[in-house]
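Each chain is listed here by its residues.
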Amino acid sequence: MTEADTFRTQVREWLESHCPESMRSPITSEEQVCWGGRNSEFYSDDQETWLRNMANKGWTAPTWPTEYGGGGLNGREAQILQQELKRITARPALYSFGISMIGPALLKYGSEEQKQQHLPPIIRGEIRWAQGYSEPNAGSDLASLQARLVDHGNHYRLTGSKVWTSYGDKGDWMFCLVRSDSEAPKHGGISLVLFDMDAPGLTTRPIRLISGKSPFTETIFDEVRVEKDQVVGELNTGWTVAKYLLTHEREMIGEGGLGQSGAEPLSSIARRLIGMDGARLADPVIRNDIARLEIDEAGLALTVRRARDEVSAGVSLGATASMFKYTGTELNKRRQELMMSIHGLDARDWSGEQSSEGAVPRTWLRSRGNSIEGGTSEIQLNIVAKRILGLPG
Ligand SMILES: Cc1cc2nc3c(=O)[nH]c(=O)nc-3n(C[C@H](O)[C@H](O)[C@H](O)COP(=O)(O)OP(=O)(O)OC[C@H]3O[C@@H](n4cnc5c(N)ncnc54)[C@H](O)[C@@H]3O)c2cc1C
C-alpha cells in the first residue's frame, strides 16, 4: 500500500465512526447549513457533533497548520479527504467566511498574535465573520472606498458605511477595508482591519431582496473603535491583502458552480418530471441544454482539479480564481434556469420554502446575484483578459 492508500483507509475508517448518519445527505434547506458563530443554533444534535468531530481533527480547515488547530494535511491528503467526504455525501461541517476568506489572508499576511487569536476560533466555528468591502460608491471600483480610519493615539476610530454585507446582522467579527490615508494615491491609502461587530457605534440595517429574503445589511460605523494590533499587514498596504483575499473568495464562489455533492443530477430530475420518449428525454430542447451544461460542468471540474494539483505543487492560484469565478457562476445561472424549465408551471410555486420543489424559484433568483458577488462577471473577464491572456488594458 502506498502512503496515500494508507491515508485513505484511515480517513474512511474515521469518517465511518465520526460522521453521523443524518449528515450523509445533501442539504435541502438553508436551516441545515451550519455557519457557526457566537449566536449559532444547531439544526440538530448530529449537526453539532459533526462540527465538533471535524473541528477537533482540524478538518474544517484541512491544510491549515496544526499549531493553530488546522489539519496540517498536504495537498494530496486534502484531496483524498474531499474525495472520501464526497463518497459518503457528507455535508460540509461548517460554512465560514473565516475559512474561505480571512483565514487564508491571515495565514499569509497576519501577525503571529493575530493568527493565534483568530485562527483557532475560526476552525472551531466559534466566530462568524462578515466581509466589509463594498460601499455605496465602491463596488467594482473597490479602491474608491471612503470609510475612514482615524488615528486616536493608542487606537483608531472608523466612520463611514458598507453595503451588501452578507449576513451582517449575524456576524461576530468583520474584516473591513478602510481608507487610512486620504492623501495617498487611491490604492496606497487602504488598510484591512478587524474588529468585533458588537463594538459601540456599529449598526446594521437589513436590505430586502427580490427573493423575499434579507441576507444582507447596510453596515454603518460611527466612530467604531479599532485596536492598533488589528491591522492585517502594514498600515496602508491593505490593497495587496484585499486582492489576495479576493482570489480565495472567487475560488470558493466559482466552485459552487460544480453543484452540491450528492444532489440529484439535472438529467435525473428531468427524467422524473418531464418523462421519456423511448430512451431519450421527451423534451428535445431541454435534453440538448442539459447535455451542453453537463459537458461544460465536467470541463470546469477537470480544470479545477488541474489547478488544485498545481497549487499543491506550489503554484499560486492568482488570476485563475477569476476564471473559476466567471465560469462557475455563469454555469450555476444556467443550471438554475434549466431547473425552472424542467419544473415548468410548478416552478412558479413560491410557497414551499422548506421543500426542494418550492425552493426552485428562490434558488433561481438567488443565482442571479452569484455573478455579481465577489466581483461581477465583467470584472472577472477584465482580469482574465489582462492577467491570463495578456491583452492590452
Ligand atoms: C449575493 C451578494 C453578496 C454580496 N456580499 C457582499 C459582502 O458580504 N460584502 C461586501 O463587501 N460586498 C458584498 N457584495 C457586493 C458585491 O461585491 C458588489 O455588488 C460587486 O462588487 C459589484 O459592485 P456594485 O454592486 O457596486 O456594481 P457596480 O460596480 O456599480 O457595477 C454595475 C455594473 O457595471 C459593470 N461594470 C463596472 N465596472 C466595470 C468595468 N470596469 N468594466 C466592465 N463592466 C463594469 C458591472 O459589471 C455591473 O454590471 C455582495 C453582492 C451580492 C450580489
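Notes on the structure follow. Note that the structure is a prediction, hence the values are computed from the model and not measured.

### Comments concerning the overall build of the protein chain
- A count of helical and extended segments in the protein chain gives 11 helices and 10 strands.
- For a compact globule of 393 residues, the expected C-alpha radius of gyration is about 21 Å, and the protein chain comes in at 22 Å, within 12% of that figure.
- When its C-alpha atoms are laid out on the principal axes, the protein chain stretches across 75 × 50 × 45 Å.
- Here the protein chain holds 393 residues, and 46% of them are scored as buried.
- A separation of at least 24 residues holds for 71% of the contacts in the protein chain among residues at least 6 apart in sequence.
- Roughly 19600 Å² of accessible area belongs to the protein chain as shown, and the carbon and sulfur atoms make up 50% of that amount.

### Focus on the pairing of strand S2 (residues 148–151)
- Two strands pair when backbone bridges link them, and S2 and strand S3 (residues 155–166) are joined in this way by 4 bridges, in the antiparallel orientation. By the bridge assignment, Asp151 is partnered in S3 with Tyr156.
- Here S2 hands over to S3 after 3 residues, with Gly153 in that stretch at a positive phi of 85 degrees.

### Observations regarding the pairing of strand S1 (residues 129–132)
- Burial along S1 is two-sided: the face carrying Trp129 and Gln131 and the face carrying Ala130 and Gly132 are both buried.
- Here 4 bridges tie S1 to strand S4 (residues 173–179), and the two strands are oriented parallel to one another. Within the sheet, the bridge partner assigned to Gly132 lies in S4 and is Cys176.

### A few points about a negative patch on the surface
- On the surface, a cluster of negative charge is contributed by Glu67, Glu112, Glu113 and Asp229.
- By the secondary structure assignment, Asp229 is in the loop between strand S7 (216–227) and strand S8 (231–232).
- Classification of Asp229 as exposed rests on a relative accessible area of 52%.

### Section: the site of the ligand
- Lining the immediate environment of the ligand, one finds 19 residues, of which Ser134, Ser140, Trp164, Thr376 and Glu378 sit closest.
- At a separation of 3.1 Å, a nitrogen atom of the ligand approaches a polar backbone atom of Trp164.
- Ser166 is positioned such that a nitrogen or oxygen atom in its side chain is 2.7 Å from a nitrogen atom of the ligand.
- Protein chains shield 66% of the accessible area of the ligand, which is 980 Å² for the free molecule.
- Broken down by secondary-structure element, the contributors of at least two residues to the shell around the ligand are S3, helix H10 (359–370) and helix H11 (377–388).
- Tallying contributions element by element places S3 first for the shell around the ligand, with 4 residues.

### Section: unusual backbone geometry
- Unlike most non-glycine residues, Tyr167 shows phi in positive territory, near 55 degrees.
- Within the fold, Tyr167 resides in the loop between S3 and S4.
- Notably, Glu223 is not glycine yet its phi reads approximately 55 degrees, a positive angle.
- For Glu223, the location among the structural elements is in strand S7.

### So, the packing of helix H1 (residues 3–18) against helix H2 (residues 45–57)
- Packing of H1 against H2 leaves a shortest axis separation of 11 Å and a crossing angle of 150 degrees. It follows that H1 is roughly antiparallel to H2 by the angle criterion. The two elements H1 and H2 cross, and the hand of that crossing is right-handed. The segment H1 lies against H2, with Trp14, Leu15 and His18 engaging Trp50, Asn53, Met54 and Lys57.
- A per-class count over the contact of H1 with H2 returns 4 nonpolar, 2 polar and 1 charged.

Calculation rules
Residues numbered from 1 in each chain as written. Predicted model: local features only at pLDDT ≥ 70, side-chain atom pairs only at ≥ 80, totals over all residues. Heavy atoms only, no water. Helix = DSSP H or I, 4+ residues; strand = E, 2+ residues; numbered from the N terminus. Rg over C-alpha atoms; globule rule 2.2 N^0.38 Å. Buried < 20%, exposed > 50% of the residue type's maximum accessible area, 1.4 Å probe, protein only. Contact = heavy atoms within 4.5 Å. Areas by Shrake-Rupley, 256 points an atom, 1.4 Å probe, with all protein chains shown as cover. Pairing = 2+ DSSP bridges. Patch = residues over 30% accessible without salt bridge, like charges linked within 9 Å, V, L, I, M, F, W, Y side chains within 5 Å. Salt bridge = Lys/Arg side-chain N within 4 Å of Asp/Glu carboxyl O. Lys, Arg positive; Asp, Glu negative; His and termini not counted. Charge placed at Lys NZ, Arg CZ, Asp CG, Glu CD. Near = heavy atom within 4 Å. Polar contact = N/O pair within 3.5 Å; in protein donor to acceptor, adjacent residues only side chain to side chain. Axes fitted to C-alpha atoms, helices over the stretch in contact; angles between N-to-C directions. Parallel < 35°, antiparallel > 145°, perpendicular 65-115°, else oblique. Left-handed = near helix turned anticlockwise from the far one by under 90°. Nonpolar A, V, L, I, M, F, W, Y, C, P; charged D, E, K, R; others polar.

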